[in-house]
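# Close look at the chain arrangement
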Amino acid sequence: MWKAAELFISFKGVFYVKGREMKMIASDAIIKSLEREGVDIIFGYSGAAVCPIYESLRRSGIKHILVRQEQSAAHNANGYARISGKAGVCIVTSGPGATNILTGIATAYMDSVPMVIITGQVGSKFIGKDVFQEIDTVGTTASFTKHNYLVKNAKDLPKIIKEAFYIARTGRPGPVLIDIPLDIQKQQIDFNYPTTIDIRGYRPVTVGHGRQIERAIKKIKESERPVVCAGGGVLLSDASKELREFIKKVNLPTVVTLMGIGSVETNSENYYGMVGSHGQGYANRIISQSDLIIAIGTRIADRSTISQSARDTAMIHIDIDAAEIGKNLDVDIPVVGDAKNILNVLIEKTEFTVSDEWLREVREIKDSYTQGEQDYKGMNPRRAIKFVSDITDDSVILIGDVGQNQMWCARNFEIRGDRRFLTSGGLGTMGCSLPISIGAKIGAPDRTVISVMGDGGLQMLISELGVVRENGLDIKIILFNNQRLGMVRELQEKQYGKGCIHGVVFEHSPDFVKIAEGFGLKGTRVISNEEFERVFKDSLNMDEAFFIEVTVDPDFSTI
Amino acid sequence: MNRHILSILVENQSGVLSKVSGLFTRRGYNIDSLSVGETESPDISRMTITLRRGEQDVEQIKKQLNKLIDVIKVIELKKEDSVCRELLLIKVKADIKTRADIIGISGIFKASIVDVGKESLILELTGASEKADAFIEILKPYGILECHRTGITALKRENS
């Protein structure tokens, strides 16, 4: 039932109420639809083609975060979605607004993050005429959105928005884009938000097939050297608790992918590190020694190395996306469905434990790789991350950027409790850490949020420091500055020989602390671990953002 | 690599064709032929796509097609239990000396003559792709001026 007061305050555009339908301006209907979906925050950037939506937004109770570059809006929504479990929402304008946000959408798509993006479009009658700020947004984003819409009739808006949220959140989550021409936003429509949804081409499978699960259990029981490989899907399905219980019950050695970090506690007896080209050697070794891999919520990506080292190993693949099963590796037992559901069945139906012999073997493999950190005289970023990990609480969220800093984080940040590690695993988008951390902090204001970046990544979206300040967000920002693109430098030297580096050194770097101060943030520069530890510890006691620039030796290696 | 025929039911909306064909491009699969048209329900279109790939690739492309929200159903048609037809329009050089010959050949192939000009004929042939191939081959010596094939359209037989 509509309350009279609500009608009066929220909708200047309301003409009359007839039954459950209300006549209103489409832009109001858009905002009203978002409210119905439980949206209370939008990340965006205004522009000519979204003016009506922004006017409706202004009159609503939804908070708006004004980013400094549209790409960041999608990264904000990314961090927000992954931490809050809700779909993130962005609004940007047509043309350059849409093209700027592409990288952020692709980042979310590759990491299966639920998101709804609304883009303004030029007026319907101008589409295809190459008018000012026109771009084919739907065509451009087709290959990296889960679905997209170009709205042709204003009356379809509530249905489209309802569908968009449903598609974004369910099944394998992902970004859904709605492109809305300017004239459509201004039309009058009968607003009637649908309560049910029926998309005949979209029926995600969530419950695993009983027979397949039985076969999987039998296979695990019969195997001699099973190992679980957990991916980001476990976190997307909110199944960490179930995974931890399952591997404990069966005593299964478990490795994670980069995106799976966070699903298993690192101090767990069953935890055997991160696989992959930058993972722990013992994790990769265990995979290659195993006779059965139980892959859960991972697409067996090229960088995870399972795709190379496990060609002949038997495999159970649990994933909500049937297309991921068998895409990169042959699978013996496919189980399509939601990880949480399937793990619950596995917990219930498994009544055996893995052989002690195999457990002894994996422990030996791990021990043979564990060597003490080399004695390094200068500033050691790995030690810095270890320190961050040691002194922060069990609910801290660490966001790694892309490159060396990402791997320093991934390999040295311990998972305890419901800690989270966020990064751009699929697309590898430099610069995403700061805006993702903004979204994460907004999604979980009470948790400590730490953004780690390199100097290359920071300079890509450095202007977002303004958003941190503007919204009074308490984010601790750690910049590892080696004045170059460290990981690419390493790659070039590895491929072409020592000193063969090109296009990876910043001959001039700005004074980053001054920049942070210019944005109104406090910050300092440190050159030793002792100094870092003191400054970082102090920063945790502050209720505001703090920027720490750490000078790192340019030759310091990733691993 | 065998030829596979995919029959895809999609929402009859603008943009769907490019989403489907874009998927093939993005995943690196070549389409041999594609035909689209409305079905018995005006809101559903049927696309018939033929491609030459290994079994595993076809499995993957079917799964990827199924992920598209606008795709309602993907069926792989086996040649033996479906009816596959193609329409061919072909313009052949035909002067006083060759016209009778070509008309004779058309008769054998059950092709219709749909246009008669002073120097050419347009012939229309419907049938299996192999029949169209053979027809083109036979006409080649006379000089083919233009040729257009619709690509395969197919329906599954009742008893299969």
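Criteria and cut-off values
- Along each chain, the written sequence defines residue order, and numbers are assigned to residues from 1.
- Numbering of ligands from 1 and lettering of chains from A proceed in the order in which they are written.
- The predicted nature of this model means local features are confined to residues of pLDDT at least 70 and side-chain atom pairs, given and counted, to a pLDDT of 80 or more, with totals for whole chains, interfaces and linings taken over all residues.
- Each side-chain value is derived from all of the structure's non-hydrogen atoms; neither hydrogens nor water enter the calculation.
- Any Lys or Arg side-chain nitrogen located within 4 Å of an Asp or Glu carboxyl oxygen qualifies as a salt bridge.
- Annotation comment: domain bounds sourced from an automatic or database domain assignment.
- By definition, residues are in contact when any of their heavy atoms lie within 4.5 Å.
- Computed with a 1.4 Å rolling probe, the buried area is the accessible surface lost when two parts are put together, summed over both parts.
- Grouping buried Ala, Val, Leu, Ile, Met, Phe, Trp, Tyr and Cys residues that are joined through side-chain atoms within 4.5 Å yields what is termed a nonpolar core.
- Partly exposed describes any residue whose relative accessible area lies between the buried limit of under 20% and the exposed limit of over 50%, with all areas from a 1.4 Å probe on protein chains only and scaled to the type maximum.
- Under the scheme used here, helices are H or I runs from DSSP no shorter than 4 residues and strands are E runs no shorter than 2 residues, and both carry numbers assigned from the N terminus.
- Residues adjacent in sequence count toward polar contacts only when both atoms are side-chain atoms; beyond that, a polar contact is any pair of N or O atoms within 3.5 Å, and within protein one must be able to donate a hydrogen and the other to accept it.
- In summary, the pairing rule links any two rings of Phe, Tyr or Trp, Trp by its six-membered ring, whose centres are within 6.5 Å, and it sorts them by plane angle into stacked for under 30 degrees, edge-to-face for over 60 and tilted for everything else.
- Look at NZ for Lys and CZ for Arg. If either is within 6 Å of the ring centre and within 35 degrees of the ring normal, a charge sits over the ring.
- Only Asp, Glu, Lys and Arg are considered charged in this grouping, and only Ala, Val, Leu, Ile, Met, Phe, Trp, Tyr, Cys and Pro are considered nonpolar; every other residue, Gly among them, is considered polar.
- Note on pairing: DSSP must find at least two bridges between two strands before they are called paired.
- Nonpolar side chains (Val, Leu, Ile, Met, Phe, Trp, Tyr) are joined into patches within 5 Å and like charges within 9 Å, using only residues with over 30% relative accessible area and no salt bridge.
- Residue exposure ignores everything except the shown protein chains as possible cover, and the areas themselves are Shrake-Rupley values with a 1.4 Å probe.
- Under this rule, positive means Lys or Arg and negative means Asp or Glu; His and the chain ends count for nothing.
- Just so you know, the charge point we use is NZ for Lys, CZ for Arg, CG for Asp and CD for Glu.
- pLDDT is defined as a per-residue confidence score from the predictor, taking values between 0 and 100.
- Helix axes use the C-alpha atoms of the stretch in contact, all axes being lines fitted to C-alpha atoms, and the angles between their N-to-C directions lie in the range 0 to 180 degrees.

### So, the pattern of salt bridges
All chains considered together, the criterion is met by 43 salt bridges over all chains. Among the salt bridges present, the one from Arg59(A) reaches Glu55(A), with a minimum N-O distance of 3.1 Å. Sharing partners across several salt bridges, the network here consists of Arg172(A), Asp321(A), Glu324(A), Lys327(A) and Lys67(B).

### Comments concerning the domain arrangement of chain A
Residues and elements named next belong to chain A. When cut into domains, chain A gives domain 1 (4-191), domain 2 (210-369) and domain 3 (381-551). In this structure, domain 1 and domain 3 have C-alpha centres spaced 31 Å apart. With 23 residues of domain 1 at the interface, the matching set in domain 3 holds 26 residues. Of the roughly 1,900 Å² buried at the junction of domain 1 and domain 3 (both faces included), carbon and sulfur atoms supply 63%. Summed over the three residues of domain 1 that lose the most area to domain 3, namely Arg68, Arg82 and Ile83, the buried surface amounts to 35% of that side.

### A look at the nonpolar core
Residues and elements named next belong to chain A. Counting 79 residues, the largest nonpolar core has Phe480 and Phe532 as the members making the most contacts within it. Mapping this core onto the domain boundaries places at least three of its residues in each of domain 2 (210-369) and domain 3 (381-551). The contacts of Phe480, once residues within four sequence positions are left out, are Met379, Pro381, Ala384, Ile385, Asn405, Trp408, Val452, Met453, Gly454, Asp455, Val550 and Val552. Listed in part, the 50 residues of the second largest apolar core include Ile101, Met115, Val468 and Phe547.

### Topic: the side chain of Ser290(A)
Residue and element names in this part refer to chain A. Inspection of the secondary structure assignment puts Ser290 in the loop between helix H12 (281-289) and strand S13 (292-296). Classification of Ser290 as buried rests on a relative accessible area of 5%. Among the polar contacts made by the side chain of Ser290, one reaches the main-chain carbonyl oxygen of Ile287 at a distance of 2.7 Å.

### Some remarks on the packing of aromatic side chains
Residues and elements named next belong to chain A. Scanning all chains against the criterion turns up eight aromatic pairs over all chains. Between Phe191 and Tyr193, the aromatic rings sit 6.1 Å apart at their centres with planes inclined by 25°, giving stacked as the arrangement. The class of Tyr193 is buried, set by a relative accessible area of 8%. Ring centres of Trp408 and Phe556 lie 5.8 Å apart, and the angle between their planes is 80°; this geometry places the pair in the edge-to-face category. In this pair, Trp408 sits in helix H17 (residues 404-412) while Phe556 sits in the segment after strand S21 (546-551), placing the two residues 148 residues apart along the sequence. Since its relative accessible area comes to 5%, Phe556 is described here as buried. Three or more aromatic residues link up through ring pairs in this structure, and these residues are Trp408, Phe480 and Phe556. One residue, Lys366, lies across the ring of Tyr272, its end atom 5.4 Å from the ring centre.

### Remarks on the interface of chain B and chain A
Counting residues at the interface gives 18 residues for chain B, matched by 18 residues for chain A. Carbon and sulfur atoms supply 44% of the area that chain B and chain A bury against each other, a total of about 1,400 Å² over both sides. Put simply, chain B and chain A have three salt bridges between them. The salt bridge partner of Asp43(B) is Arg200(A), with a shortest N-O separation of 3.0 Å. Across the contact surface, chain B and chain A share ten residue pairs in polar contact (both at pLDDT 80 or more).

### A look at the domain arrangement of chain B
Residue and element names in this part refer to chain B. Taken as a whole, chain B is organised into domain 1 (2-77) and domain 2 (83-156). When each unit is reduced to the centre of its C-alpha atoms, the spacing between domain 1 and domain 2 is 28 Å. Listed as interface residues are nine residues of domain 1 and, on the opposing side, ten residues of domain 2. Broken down residue by residue, the surface that domain 1 buries against domain 2 is led by Arg3, Ser35 and Leu77, which jointly contribute 48%. Counting the contacts that link domain 1 with domain 2 gives two residue pairs in polar contact (both at pLDDT 80 or more). Broken down by class, the residue content of the side of domain 1 that touches domain 2 amounts to three nonpolar, four polar and two charged.

### Some remarks on the pairing of strand S19 (residues 475-481) of chain A
Residues and elements named next belong to chain A. A large share of S19 lies buried, amounting to seven of its seven residues. Across the two faces of S19 the burial is the same, with Ile475, Ile477, Leu479 and Asn481 and Lys476, Ile478 and Phe480 all buried. Direction of pairing for strand S18 (residues 449-454) relative to S19: parallel, over a ladder of six bridges. The residue of S19 that forms the bridge with Val452 is Ile478.

### Let's talk about a positive patch on the surface
Residues Arg85(B), Lys110(B), Lys131(B) and Arg157(B) make up a contiguous surface patch of positive charge. The topology assignment puts Arg157(B) in the segment after strand S9 (153-156).

### Overview of the confidence of the model for chain B
Per-residue confidence for chain B averages 94 on the pLDDT scale, and 99% of its residues sit at or above 70. For this predicted complex, the interface confidence score (ipTM) comes to 0.90, while the overall pTM stands at 0.93.

### Concerning the sheet that holds strand S6 (residues 115-121) of chain A
Residue and element names in this part refer to chain A. Judged by pairing direction, the sheet is parallel, and its six strands sit side by side in the order S4-S3-S5-S6-S8-S7 without closing on themselves. Only two strands of the sheet have a single partner each, and these edge strands are strand S4 (63-66) and strand S7 (147-150). Across the sheet, the mean angle separating the axes of adjacent strands is 20° when strand polarity is ignored. Note that S7 and strand S8 (residues 175-181) share four bridges and pair parallel. Within S8, the position partnered with Leu150 by the bridge is Asp179.

### Thoughts on the sheet that holds strand S10 (residues 226-230) of chain A
Residues and elements named next belong to chain A. Taken in spatial order, the six strands line up as S12-S11-S10-S13-S14-S15 in an open sheet, and their pairing is parallel. The open sheet has two edge strands, strand S12 (271-274) and strand S15 (333-336), and neither has a second partner. With strand direction ignored, the average angle separating the axes of adjacent strands in the sheet is 15°. Note: strand S14 (residues 314-319) against S15, four bridges, orientation parallel. For Ile316, the partnering residue across the bridge sits in S15 and is Ile333. Together, S10 and S12 form the strand contacts of helix H15 (residues 356-369), whose direction differs from that of S12 by roughly 45°.

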